[in-house]
Amino acid sequence: MPDASSSHQTSLGRCLCVITGASRGLGRAMAREVCGLMKPGSVLLLVARSETLLQELKEELRGLTGTAQPAVRCVAVDLSAAGGVNEAVEVARQEAGTDPDHVLLINNAGSLGDISKFSSFSDLNEVNSYLSLNVRSALALNAGMLRVFPSRPGLRWSVVNISSLFAVQALPNWALYCTAKADRKMMFSVLADEEPNVKVLSYSPGPMDTEMQKDIQRLTGIKHHLIPCKEPAAKLMKLLLVNEFASGSHLDFFTA
């Protein structure tokens, strides 16, 4: 059923958009898509570890959008560390004066982790390190952003969790990855229930032509038909513009 508050949009508005894991793969493709849908006065915060890759993306976006380009800020931080999350939130705070009418936070940062039998994960430090980046940093970042941009009349709030089929389906030898994706799905479901003014979507983009998929093929020997990142990125933007999903939904590229 469509969300009762749905309304078709032709743009993301005067938007402050944060994309984590923006330097490559799906994050990079989403940055390209977002830029073309923002109204003048918008701000795009690109968050990733590599300053070099972020600056390259910033230059690429400038070439795509010309003078209509939103203000692009590169935030080179490690989100698995508290300092990295705090810095990303602080940069967003510095842009709060732009008075956006839409805040869009796309939680894309994540890692594959070790693909091994369940019994191999006896090192608590290894488990904690993986969950720090893939679950805890997303919780802290989103909580910080909600404090910077509290609900007010006229402010649209959207949160996207880049998810996976393995958030809802177990797979042998993938304990870390499945656990993190399932944790994130539940975490963002809680956000949807708790904050009625925040529209939350967990979105599974399918197997994409990325470095992570190359690692999966190398480690498992399993080959998928890989999708160019621009296709799930474009579909995500369409979902946000049409805005008919119920908050807290988990949608898949192939069925949405």
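Residues numbered from 1 in each chain as written. Predicted model: local features only at pLDDT ≥ 70, side-chain atom pairs only at ≥ 80, totals over all residues. Heavy atoms only, no water.

Going by the annotation in an unreviewed UniProt entry, the name recorded for the protein is Sepiapterin reductase, with Takifugu rubripes given as the source organism. Taken directly from UniProt, the Sequence similarities (unreviewed entry) text for the protein runs: "Belongs to the sepiapterin reductase family." (UniProt positions renumbered as here; feature names shortened; annotations may be inferred.)

Enquirer: So what's going on with the packing of aromatic side chains? Which residues, and what values?
Expert: If you walk through the whole model with that rule in mind, you get four aromatic pairs. Considering the side-chain rings of F166 and Y177, the 6.4 Å spacing of their centres and the 75 degrees angle between planes classify their relative orientation as edge-to-face. One end of the pair, F166, is in the loop between β5 (156-162) and α5 (175-194); the other, Y177, is in helix α5, and eleven residues separate them in sequence. Since its relative accessible area comes to 12%, Y177 is described here as buried. Members of the aromatic cluster, connected to one another through ring pairs, are F166, W174 and Y177. Cation over ring: K199 sits above F245, and NZ or CZ is 4.4 Å from the ring centre. Its guanidinium or amino end placed over the ring of F253, K235 lies 4.8 Å from that ring's centre, counting from NZ or CZ. (Phe/Tyr/Trp six-rings, centres within 6.5 Å; stacked < 30°, edge-to-face > 60°. Helix = DSSP H or I, 4+ residues; strand = E, 2+ residues; numbered from the N terminus. Buried < 20%, exposed > 50% of the residue type's maximum accessible area, 1.4 Å probe, protein only. Lys NZ or Arg CZ within 6 Å of the ring centre and 35° of its normal.)

Enquirer: Any details on the side chain of H102? Residues and values, ideally.
Expert: As for its placement among the helices and strands, H102 is situated in strand β4 (residues 102-107). Assessed through its relative accessible area of 1%, H102 is described here as buried. Of the polar contacts made by the side chain of H102, one reaches the side chain of S158; its length is 2.8 Å. (Polar contact = N/O pair within 3.5 Å; in protein donor to acceptor, adjacent residues only side chain to side chain.)

Enquirer: Break down the pattern of salt bridges for me, citing the residues and quoting the values.
Expert: Evaluated as defined, the whole model comprises eight salt bridges. Between D78 and R49 there is a salt bridge whose closest N-O contact spans 3.7 Å. Of the two residues, D78 is situated in the loop between β3 (71-76) and α3 (82-94) and R49 in the loop between β2 (43-48) and α2 (51-65); the sequence distance between them amounts to 29 residues. Two residues, E59 and R62, come together in a salt bridge whose shortest N-O distance is 2.5 Å. Separated by three residues within a single helix, E59 and R62 lie in helix α2, roughly one turn from each other. Accessibility expressed as a relative area gives 37% for R62, which makes it partly exposed. (Salt bridge = Lys/Arg side-chain N within 4 Å of Asp/Glu carboxyl O.)

Enquirer: I'd like to hear about the packing of helix α4 (residues 124-148) against α5, residue by residue, with values.
Expert: Between α4 and α5, the shortest axis-to-axis distance is 10 Å and the interhelical angle comes to 15 degrees. Relative to α5, α4 is oriented roughly parallel. When you trace α4 past α5, the crossing you get is right-handed. Each of V127, Y130, L131, N134, V135, A138, L139, N142 and L146 in α4 lies in contact with α5, whose residues at this interface are L176, Y177, A180, D183, R184, M187, F188 and L191. (Axes fitted to C-alpha atoms, helices over the stretch in contact; angles between N-to-C directions. Parallel < 35°, antiparallel > 145°, perpendicular 65-115°, else oblique. Left-handed = near helix turned anticlockwise from the far one by under 90°. Contact = heavy atoms within 4.5 Å.)

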